[in-house]
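# Overview (structure and organization)
The chain contents come next:
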Amino acid sequence: MTMWVFGYGSLMWNPGFPVVRRELATLHGWSRSFCMSSIHHRGSVEKPGLVLALDEHHGAQCRGIAFAVEAGHEDRTLDELRERELISSAYLERLLDVQLDRGEQVTAVTYVIDPHHEQYCGGMPLEEQALIIANAVGGRGPNTEYLYNTAAHLAEIGLNDPDLDWLSARVRQITA
């Protein structure tokens, strides 16, 4: 049985595990947004950044990439994903059904936000998000880099995310 992973943020451009198949996919009932305060990878405790997470909303959908993990690498991939994604317990690991653009439905390991975690910050206005992203730096680099790479990758694969496009343009204005 193939192990699938759903990527909607940095996993799309930096999966970090061996992939044998990648497919554009849709996850229903969840929306991608900068709703998680980042105190490790893209910010610090003193100056938190923001990272993308999936926030559950009735009627929402998130377009991303479903990755099929290379056979024999499932355990290692899961261990590495957990080390990367569950660093502060703000994400929850879920097995969720995603619809591949080719019509197939698969169950994928997906990391979603815990809306009860102290790092959850859903509903923040875009301008406030832009100001935070423009000024935060964490262990994996500037928060701006995370935003720019994700927005560029979405555009490259033909997925439209107006909020990320707006944030990317606004953060470039702020940092100019």
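Before reading on, note that the structure itself is shown above.
To keep things clear, this report deals only with the structure shown in the data block. (Residues numbered from 1 in each chain as written. Predicted model: local features only at pLDDT ≥ 70, side-chain atom pairs only at ≥ 80, totals over all residues. Heavy atoms only, no water.)

We now examine the pairing of strand 5 (residues 105-113). Judged by how many residues are buried, strand 5 sits mostly within the fold: 7 of 9 residues are covered. Pairing of strand 1 (residues 4-7) with strand 5 involves 2 bridges; the strand directions are parallel. Bridged to tryptophan 4 within strand 5 is alanine 108. Bridge count between strand 4 (residues 91-100) and strand 5: 9 bridges; the pairing is antiparallel. Within strand 5, the position partnered with leucine 92 by the bridge is valine 112. From the end of strand 4 to the start of strand 5, which pair antiparallel, there are 4 residues, and glycine 103 there has a positive phi angle of about 105°. (Buried < 20%, exposed > 50% of the residue type's maximum accessible area, 1.4 Å probe, protein only. Helix = DSSP H or I, 4+ residues; strand = E, 2+ residues; numbered from the N terminus. Pairing = 2+ DSSP bridges.)

What follows covers the packing of helix 3 (residues 126-135) against helix 4 (residues 143-156). Direction vectors running N to C along helix 3 and helix 4 enclose 115°, while the axes themselves pass 6 Å from each other. Note on element contacts: helix 4 touches helix 3 through Asn143, Thr144 and Leu147, opposite Ile132, Ile133 and Ala134. Looking at the contact of helix 3 with helix 4 residue by residue, the class counts come to 4 nonpolar, 2 polar and no charged. (Axes fitted to C-alpha atoms, helices over the stretch in contact; angles between N-to-C directions. Contact = heavy atoms within 4.5 Å. Nonpolar A, V, L, I, M, F, W, Y, C, P; charged D, E, K, R; others polar.)

Under the criterion given, the structure shown has 10 salt bridges. Connected through salt bridges with shared partners, the residues Arg21, Glu23, Arg102 and Glu104 form a single ionic network. (Salt bridge = Lys/Arg side-chain N within 4 Å of Asp/Glu carboxyl O.)

Ranked by size, the top nonpolar core spans 52 residues in total, and within it Val5, Phe6, Tyr8, Phe34, Leu54, Val98 and Leu147 carry the most contacts. Excluding residues within four positions of it along the chain, phenylalanine 34 makes contact with Leu50, Val51, Leu52, Cys121, Gln129, Ile133, Tyr146, Leu147, Leu164 and Leu167. (Core = buried A, V, L, I, M, F, W, Y, C linked by side-chain atoms within 4.5 Å.)

This part is about the state of the cysteines. Here the structure, examined in full by the defined rule, presents 0 disulfides. Among the cysteines around cysteine 35, which has no disulfide bond, cysteine 121 carries the closest sulfur, lying 6.5 Å off. Here cysteine 121 falls in the buried class, since its relative accessible area comes to 18%. (Disulfide = S-S within 2.5 Å.)

You can see serine 31 is positioned in strand 2 (residues 19-38). By relative accessible area, serine 31 is classed as buried at 18%. Those residues in contact with serine 31, other than ones at most four positions away along the chain, are Ala53, Leu54, Asp55, His57, Ala60 and Gln61.

Attention shifts here to the side chain of glutamate 23. Among the secondary structure elements, glutamate 23 is positioned in strand 2. The class for glutamate 23 is buried, based on a relative accessible area of 7%. Residues contacting glutamate 23, with those up to four places away along its chain left out, are Trp4, Gly64, Ile65, Ala66, Leu100 and Arg102.

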